[in-house]
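Single-letter residue listing:
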Amino acid sequence: MQSLIRRISRFAARHFAKSWLPFHAPRGVVSFSFDDVPLSACEQGAAILEKHGVRGTFFVCGGLTDQTEQGQQCHSEDILRQLHLAGHELGCHTFSHTHCERADRDQIQADLLRNQDFFKRLQLPLSGFAFPFGAYSFASKLLAKAHFGYARITGNRTMFDGADVYALPAMALYEGRMTPQTLQALIQDVAKRKGWLIFYTHEVTHQPGQWGATPELLGFCIAEAISAGCEVKTIRDAILYFEQARRS
Ligand SMILES: [Zn+2]
């Protein structure tokens, strides 16, 4: 019974409560996002983006501040302030990395508020949301809509023609998952068809685990996006870019 309810909720989450954003912008967009967030993403990841003159989006769980996760040292409060001052976007990833498909509405709501309080205490703005594990239900999608400007999932897809702002798919940027040729082809396709590709990863180190990237891999994708003629924008700014194009 539980699994049937979950399946219905998943179906409803995919097909209802949509906020459709059409893409009619002059260029394609590539965004880079980091989940949880390991300290190395805030340091090396941010530095590589800045070296190319662009910025990224960091989806933070306040419950991971000063903790280690999968053997990775996580962010500190100070580094979150630095990211904001350097022009990066900070987003919510729940406080406790909650699986939003399995948790009930009240649990999710409490965990979202806890993360919002964490950001309020740091006096840092919070714009969007990324579902931990990319897992969402109809109820959690509605909650995301009530609290945030957008929500990102996983899904390993690029977006063409338009997207549901509360279920934005993203592509894993993990070491060894795709060849440079495949990544290059994906990015060139986004440039040609004026779509949107959101990457997500975790740590950025020379020896990443299975959910991280090397500085070289991240740098390669940023350079490819720029040379293909894509805009590289935070998720928040990419939405503004497509919204402006829709109005003009
Ligand atoms: Zn996560």
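The structure we're discussing is the one just above.
Here is a short report on the structure shown in this document.

Cut-offs applied
- Every chain begins its residue count from 1, and numbering advances along the sequence as written.
- Only residues with pLDDT of 70 or above have their local features reported here, since the model is predicted, and side-chain atom pairs are shown and tallied only from 80 upward, although totals for entire chains, interfaces and linings are computed over all residues.
- Values shown for side chains rest on all heavy atoms present in the structure; no hydrogens or waters enter the calculation.
- In this description, a nonpolar core means a group of buried Ala, Val, Leu, Ile, Met, Phe, Trp, Tyr and Cys residues linked to one another through side-chain atoms lying within 4.5 Å.
- When a residue's accessible area, from a 1.4 Å probe over protein chains only, is under 20% of the maximum for its type it is buried; when over 50% it is exposed; and in between it is partly exposed.
- A run of DSSP states H or I qualifies as a helix once it reaches four residues; a run of E qualifies as a strand once it reaches two. Both are numbered from the N-terminal end.
- We call two residues contacting when some pair of their heavy atoms lies within 4.5 Å.
- Counted as a polar contact is a pair of N or O atoms within 3.5 Å, where, for protein atoms, one must be capable of donating a hydrogen and the other of accepting one, and residues adjacent in sequence contribute only when both atoms are in side chains.
- Space inside and on the surface of the protein is sampled on a 1 Å grid over the protein atoms alone, with a cavity defined as a set of points where a 1.4 Å probe fits but cannot get out and a pocket as an open set with protein on both sides within 12 Å along at least 5 of 7 lines; lining residues have an atom within 4 Å of a point.
- Grid points are joined across faces, edges and corners, and a volume is the space filled by probe spheres set on the points.
- In this classification, the charged set is Asp, Glu, Lys and Arg, the nonpolar set is Ala, Val, Leu, Ile, Met, Phe, Trp, Tyr, Cys and Pro, and all remaining amino acids, among them Gly, are polar.
- The pairing criterion is simple: DSSP has to find at least two bridges between the two strands.
- Handedness rule for crossovers: strands pointing away from the viewer, path from the first strand over the helix to the second running clockwise, crossover right-handed.

**Observations concerning the nonpolar core**
Of all hydrophobic cores here, the largest spans 40 residues; its most connected members are F32, F34, F58 and F199. Counting residues per element, the ones that place at least two in this core are β2 (29-36), α2 (39-51), β3 (57-60), α3 (77-85), α4 (105-122), α6 (180-193), β11 (196-201) and α7 (215-227). Residues in contact with F58, not counting those within four places in the same chain, are F34, V37, A41, C42, A46, L83, H88, E89, L90 and G91. Counting 39 residues, the second largest nonpolar core, distinct from the first, contains L143, A144, A167 and Y200.

**Here's the deal with the side chain of T94**
As for its position among the elements, T94 is in the loop between β6 (89-92) and α4. You can call T94 buried: its relative accessible area is 0%. From its side chain, T94 meets the backbone nitrogen of T98 in a polar contact 2.9 Å long. Of the polar contacts made by the side chain of T94, one reaches the side chain of D111; its length is 3.5 Å. Excluding residues within four positions of it along the chain, T94 makes contact with V60, C61, G62, C100, D111, L112, N115, F129 and P132.

**What about unusual backbone geometry?**
With an omega of 10°, the peptide bond between D36 and V37 qualifies as cis. Residue placement: V37 occurs in the loop between β2 and α2. A positive phi is found at D36, a non-glycine position, where the angle reads about 100°. Mapping D36 onto the fold places it in strand β2. Backbone geometry at F133 places phi at a positive 60°, although glycine is not the residue there. Examined against the element boundaries, F133 turns out to sit in the loop between β7 (129-130) and α5 (138-147).

**Comments concerning empty space enclosed by the protein**
All told, the structure shown has one cavity of 30 Å³ or more when counted by the stated rule. Roughly 30 Å³ of volume is contained in the largest cavity. If you go around the largest cavity, the residues you meet are A172, L173, Y174, G176, R177, M178, L183 and L217. In terms of residue class, the lining of the largest cavity is built from six nonpolar, one polar and one charged.

**A short note on the pairing of β11**
The buried fraction of β11 is high, at six of six residues. Of the two faces of β11, the one lined by W196, I198 and Y200 and the one lined by L197, F199 and T201 are each fully buried. In the sheet, β2 pairs with β11 via six bridges, with the strands oriented parallel. In the sheet register, F34 faces β11, and the bridge partner there is T201. Pairing analysis gives two bridges linking strand β10 (residues 168-172) to β11, with the strands arranged parallel. Opposite M171, over in β11, you have F199 as the bridge partner. The parallel pair β10 and β11, bridged by α6, forms a crossover whose chirality is right-handed.

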